[in-house]
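# Per-entry structural report
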Amino acid sequence: MHAITKTKPVPFLDLSAQYKSLEAEWLAAIRETGARGSFILGPNTQALEKEFAEYVGVKHAIAVANGTDSLFLSLRALGVGKGDEVVTTPFTFFASAETIDMAGATPVFADILPGSLCLDPASVRARITAKTKAIVTVHIFGYPTEMGEIMEIAKKHKLAVVEDCAQSFGALHNGKVVGSIGDTGSFSFYPTKVLGCYGDGGMVTTHSDAVDERIRRLRNHGAVKPFVHTEIGMNSRLDEVQAAVLRIKLRHIKDDIAGRQKVAQEYTQRLAGSPVKTPSLPKNGTHVFNLYTIRVPKRDAVRQALTDAQIGTSQCYPQGLHLQEVYKHLGYKPGSLPACEHATTETLSLPIYPGMPLDHIERVCEVLLEAVRG
Ligand SMILES: *Cc1c(COP(=O)(O)O)cnc(C)c1O
């Protein structure tokens, strides 16, 4: 064993390596944008919207300022508002629920399935009331939600479905790309996502002409034409420089996703037969591994061992959203959503990004296996 290898830090993420490989194309795009003098919702954004819609397999894609806005604008365009309930998962980033409140509605948390960590359809069904207006399902970590039953429930109760695809760009479900199954797909281009830009960005996808039209209006102050406002909207637009980098990255995305899947496969092979529970794989689709999240007993001690060995990890997610301070008034108690709560005590996300060096993967597994067995 080489002492140097042993102490080499393993970062959770390395965004600079990919940046370097794209730097020349990116700088050329900035120069071109500057020379054109069109900085917001210009030709790059229009081209990106078209290319994005083609990739996902939808009629429309509308570029917005970030993923949070793409959720909020989806809900508003689908008519969610005051007095409505929206069923969602507690095992997600806060924005998935926060935007339901921002739209004036109330989040209702259903439990998750222990394998996929996505919404449990049976629990969703049990939470439907006369006030339910929509379901926000989150394809968490890159695992596509089993959409069949979710869409059936929605159809039966006439509910809208928003797919939160922030972590799952390019994931397939029954041959469809996520974001093309529900009423809208919501995407984030935060730099750490599967498809990330060099700042903030987001996208909404939809098959519906009416939803497309409404979101285009809402993202630009509710204006139907310059200085004519028919409703209260907001400023949620994508800038040309971010659209340019996204167009460049979209051309490489299949390799990036394959790169993530390769890292995941290397981990899963090495961790097989150990007390570490590796991520489940969808039966009818693909996992794009925005995060590689394992489940381990004594998670905190295991995480500490990795930290001590200078290995970056993340605890996605430390708490179910139903138990967050801000949602105290909703009345959930520890034990309300047991599958989610159990997951929050065991989940640990390991370093993953396209092109992650094999010796880093090996180092993570070595320290991890020692920690779980020790
Ligand atoms: C990142 C993320 C968001 C929010 O996206 P932003 O671009 O950061 O606003 C929403 N939902 C999920 C599941 C996310 O991971």
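Shown above is the structure to which this text applies.
Now for a description of the structure that goes with this document.

The rules behind each value
- Residues numbered from 1 in each chain as written.
- Predicted model: local features only at pLDDT ≥ 70, side-chain atom pairs only at ≥ 80, totals over all residues.
- Heavy atoms only, no water.
- Core = buried A, V, L, I, M, F, W, Y, C linked by side-chain atoms within 4.5 Å.
- Buried < 20%, exposed > 50% of the residue type's maximum accessible area, 1.4 Å probe, protein only.
- Helix = DSSP H or I, 4+ residues; strand = E, 2+ residues; numbered from the N terminus.
- Contact = heavy atoms within 4.5 Å.
- Near = heavy atom within 4 Å.
- Polar contact = N/O pair within 3.5 Å; in protein donor to acceptor, adjacent residues only side chain to side chain.
- Areas by Shrake-Rupley, 256 points an atom, 1.4 Å probe, with all protein chains shown as cover.
- Axes fitted to C-alpha atoms, helices over the stretch in contact; angles between N-to-C directions.
- Parallel < 35°, antiparallel > 145°, perpendicular 65-115°, else oblique.
- Left-handed = near helix turned anticlockwise from the far one by under 90°.
- Nonpolar A, V, L, I, M, F, W, Y, C, P; charged D, E, K, R; others polar.
- Pairing = 2+ DSSP bridges.
- Right-handed = clockwise from strand over helix to strand, strands pointing away.

### Some words on the nonpolar core
Core analysis: the largest hydrophobic core is formed by 33 residues, its most contacted members being Phe91, Val124, Ile135, Ile140 and Phe141. Elements supplying a minimum of two residues to this core: strand S3 (106–109), strand S4 (132–138), helix H7 (147–157) and helix H11 (338–346). Of the residues forming this core, the biggest block, four residues, is contributed by H7. Beyond its immediate sequence surroundings of up to four residues, valine 124 is in contact with Val87, Ala110, Leu119, Ile135, Ile150 and Ile153.

### Here we look at the environment of leucine 117
Take leucine 117: it is sitting in the loop between S3 and helix H6 (121–126). Owing to a relative accessible area of 6%, leucine 117 belongs among the buried residues under this scheme. Residues in contact with leucine 117, not counting those within four places in the same chain, are Phe91, Ile112, Ile140, Phe141, Arg295, Ala343 and Thr347.

### Some details on the site of the ligand
The immediate surroundings of the ligand are formed by 14 residues, with Gly67, Thr68, Asp164, Ser188 and Lys193 found nearest. Contact distances for the ligand include 2.8 Å between an oxygen atom and a side-chain N or O atom of glutamine 167. In this structure, serine 188 approaches the ligand through a side-chain N or O atom, which is 2.6 Å from an oxygen atom. Computed on the free molecule, the ligand has an accessible area of 380 Å², of which 91% lies beneath the protein chains in the complex. Those elements that provide at least two residues to the shell around the ligand are helix H4 (67–77) and helix H5 (95–102). Here the element with the most residues in the shell around the ligand is H4; it accounts for three residues.

### Section: unusual backbone geometry
Of note, the amide linkage connecting cysteine 316 to tyrosine 317 takes the cis form, showing an omega dihedral of 0 degrees. Take tyrosine 317: it is sitting in the loop between helix H10 (299–308) and H11. You will see that phenylalanine 289, though not glycine, has its phi angle at about 50 degrees, which is positive. If you trace the backbone, phenylalanine 289 turns up in the loop between helix H9 (240–271) and strand S12 (292–295). Classification of phenylalanine 289 as buried rests on a relative accessible area of 5%. One non-glycine residue with positive phi stands out, namely lysine 298, at about 50 degrees.

### Topic: the packing of H4 against H5
Relative orientation of the contacting elements H4 and H5 amounts to 45 degrees, with a least axis distance of 9 Å. It follows that H4 is oblique to H5 by the angle criterion. Note that H4 runs across H5; the crossing there is right-handed. Facing Thr68, Leu71, Phe72 and Leu75 of H4, the residues of H5 in contact are Ala95, Ser96, Glu98, Thr99, Ile100 and Met102. Residues belonging to the contact of H4 with H5 are distributed by class as follows: six nonpolar, three polar and one charged.

### Quick word on the pairing of strand S5 (residues 160–164)
Buried residues dominate S5, accounting for five of its five residues. By the bridge criterion, five bridges tie S4 to S5 in an arrangement that is parallel. From the neighbouring strand, valine 136 faces S5, where its bridge partner is valine 162. As a crossover connection, the stretch from S4 through H7 into S5 is right-handed. Where S5 and strand S8 (residues 184–188) come together, three bridges link them in parallel fashion. Each bridged residue has a counterpart across the sheet, and for aspartate 164 the counterpart in S8 is serine 186.

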